[in-house]
Amino acid sequence: MAESTFPAISSFDAVVIGAGPVGLACALEAQRRGLRVCVVDKGALVNSLVGYPTNMEFFSTPELLEIGGYPFPTAHYKPLREDALDYYRRVAVGENLTLRLYERVLALEGGPGAYEVVTEKGRLGCRYVIVATGFFDVPNRLNVPGEELPHVSYYYKEPYAHVGQDVVVVGAKNSAAKAALQLVRAGARVTLLVRGAAISESVKYWIRPDLINRIAEGRIRALFNTTIQRIDAEAVQVLTPDGPLTVPAHFVYALTGYHPDYRLLTALGIDTRPDAAHTPWHNEETFETNRPGVYVAGTVCGGLNTSRWFIENGRYHAAVIAAHLAGAVAPALPAIQQAVVLSA
Ligand SMILES: Cc1cc2nc3c(=O)[nH]c(=O)nc-3n(C[C@H](O)[C@H](O)[C@H](O)COP(=O)(O)OP(=O)(O)OC[C@H]3O[C@@H](n4cnc5c(N)ncnc54)[C@H](O)[C@@H]3O)c2cc1C
């Protein structure tokens, strides 16, 4: 790969937006192809994982989360969040990646061969851009009055602040199920609000029966076919099949999923397909978007279908994109089952 020649404030061959697992995989694969690469993230290294619950157990076994051929040794069958944080840091250090952390990307200017990534701190010149911005920054909002109150959160961390408190958990998938179980075991009084008629079938097979049994024995109160009308300072007003109800709530966790930052994608000039998932426009084989030389990688590729691509399968985008940048034949994506991971 030839050296980049165009002038810019900070000049690279490729800028990767997002220092998540897939962004890091993209950076190291491109760097191994001889490109000068910079990874820029609005937050910390693997910022999404930093935001996951304390001691969260991944659904994937460690070898399925590995990038760049670095072994991921853990003492557990399923790695914890903390294991993964340590692992990806070691990979980033081991590959000597150029990182610009706590620097939000705002826009993309220029054109093919001479882009400028505009950040809140400056401009990064480059020929190629890889957008690996995931989905964890924009929660699916409840859109009810009171959701902006300080005791309402879309991110659950740990249960210990809620001993002896009334906690409402909204949602019926993995994150909501795990949070409700943890909270009740830590001494909170938990009410689970579920829009549908049952706990989602997609909840992992080792979590679902645990939750259903705790509901059956009355330790967790679950209200199905229930919609939220309003959130007050110490209660949630809901509509159940039996009529309106006031549910006490010192804290509310709305664990109803997340979606990609479409405002950012628009600011980067990436079109959205008119499909149900609002997929960012990209070539399915190369991951190049409608802007030549600009690629998407990882979870963001699935649009609203955030379980289409996750670490296990999204990490393979890196080798494909790096090969395309270098004009080489891209490796085939392994056939990994879709929706192995349902995060919300
Ligand atoms: C609770 C939970 C458990 C999960 N368990 C598993 C599992 O077991 N196995 C698995 O394979 N997957 C799992 N997933 C999914 C997996 O974590 C994500 O699919 C994965 O993080 C996607 O990686 P990514 O690099 O595409 O995006 P992310 O890891 O989300 O990284 C995106 C990065 O982009 C940055 N960014 C966003 N906007 C900007 C901007 N404007 N400027 C600069 N930077 C920006 C963010 O700060 C972030 O660091 C889980 C998800 C959750 C929520």
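The rules behind each value
- Residues numbered from 1 in each chain as written.
- Predicted model: local features only at pLDDT ≥ 70, side-chain atom pairs only at ≥ 80, totals over all residues.
- Helix = DSSP H or I, 4+ residues; strand = E, 2+ residues; numbered from the N terminus.
- Rg over C-alpha atoms; globule rule 2.2 N^0.38 Å.
- Buried ≥ 20, exposed ≤ 12 C-beta atoms within 10 Å, placed from the backbone.
- Contact = placed C-beta atoms within 7 Å.
- Near = placed C-beta within 6 Å.
- Nonpolar A, V, L, I, M, F, W, Y, C, P; charged D, E, K, R; others polar.
- Axes fitted to C-alpha atoms, helices over the stretch in contact; angles between N-to-C directions.
- Left-handed = near helix turned anticlockwise from the far one by under 90°.
- Pairing = 2+ DSSP bridges.
- Core = buried A, V, L, I, M, F, W, Y, C linked by C-beta atoms within 7 Å.
- Domains from an automatic or database assignment.

If you look the protein chain up in an unreviewed UniProt entry, it shows as YpdA family putative bacillithiol disulfide reductase from Hymenobacter fastidiosus.

A. Geometry of the overall build of the protein chain. Within the protein chain, the regular secondary structure consists of eight helices and 19 strands. At 21 Å, the protein chain has a C-alpha radius of gyration in line with the 20 Å of a compact globule built from 344 residues. Counting only C-alpha atoms, the protein chain reaches 65 × 40 × 35 Å along its principal axes. When burial is assessed residue by residue, the protein chain has 43% of its 344 residues classed as buried. Taking the intrachain contacts of the protein chain between residues at least 6 apart in sequence as the baseline, contacts between residues at least 24 apart amount to 64%.

B. Here's a closer look at the site of the ligand. Near the ligand lie 36 residues; those nearest to it are G18, G20, N47, G134 and G298. For the shell around the ligand, the elements supplying multiple residues, two or more each, are α1 (21–32), α2 (47–51) and α7 (311–314). A breakdown of the residues in the shell around the ligand according to their chemical character gives 16 nonpolar, 14 polar and six charged.

C. Layout of the packing of α1 against helix α8 (residues 317–325). The contact between α1 and α8 brings their axes to 8 Å, and the two run at 35 degrees. For the element pair α1 and α8, the recorded crossing hand is right-handed. Across from V22, A25, C26, E29 and A30 in α1, the residues of α8 making contact are H317, A318, A319, I321, A322 and L325. Taken together, the residues of the contact of α1 with α8 sort by class into nine nonpolar, one polar and one charged.

D. Representation of the sheet that holds strand β10 (residues 152–153). Ordered by their spatial adjacency, five strands build an open sheet running β10-β17-β11-β12-β13, and the pairing between neighbours is parallel. Single-partner strands in this sheet number two, and they are β10 and β13 (220–223). Of the pairings in the sheet, the one linking β10 to strand β17 (residues 251–254) comprises two bridges and is parallel in character. Looking across to β17, one finds that S153 is bridged to Y253. Set on the sheet, helix α4 (residues 174–185) makes contact with β11 (166–170), β12 (189–193), β13 and β17; between it and β11 the angle comes to about 165 degrees.

E. Representation of the sheet that holds strand β7 (residues 123–126) in the model. Taken in spatial order, the four strands of this open sheet run β1-β7-β6-β5, and their pairing is mixed. Each having just a single partner strand, β1 (10–11) and β5 (105–111) make up the two edges of the open sheet. Bridge count between strand β6 (residues 114–119) and β7: four bridges; the pairing is antiparallel. Counterpart to E116 in the pairing with β7 is G125.

F. Quick peek at the pairing of strand β8 (residues 128–131). Side chains Y128 and I130 of β8 all project onto a buried face; the interleaved residues V129 and V131 project onto the opposite face, where all are buried too. Judged from the four bridges that link them, strand β2 (residues 14–17) and β8 form a sheet pairing that is parallel. In the strand pairing of β8, I17 is matched with V131. Pairing of β8 with strand β19 (residues 294–296), which is carried by three bridges, proceeds in the parallel orientation. For V131, the partnering residue across the bridge sits in β19 and is V296.

G. A look at the nonpolar core. Judged by nonpolar contacts, the single largest core of 67 residues is most densely connected at A14, V15, C26, V129, I130, V131 and A297. Considering each element in turn, this core owes the most residues, seven residues, to α1. Beyond its immediate sequence surroundings of up to four residues, V131 is in contact with I17, G18, L268, I270, V294, Y295, V296 and V300. Counting residues in hydrophobic clusters, the runner-up holds 33 residues, among them A188, L193, V194 and I220.

H. A look at the domain arrangement of the protein chain. Domain boundaries in the protein chain define domain 1 (14–138 + 258–343) and domain 2 (152–254). The distance between the C-alpha centroids of domain 1 and domain 2 comes to 32 Å. Listed as interface residues are six residues of domain 1 and, on the opposing side, nine residues of domain 2. Of the residues assigned to the side of domain 1 that touches domain 2, the class counts are three nonpolar, three polar and no charged.

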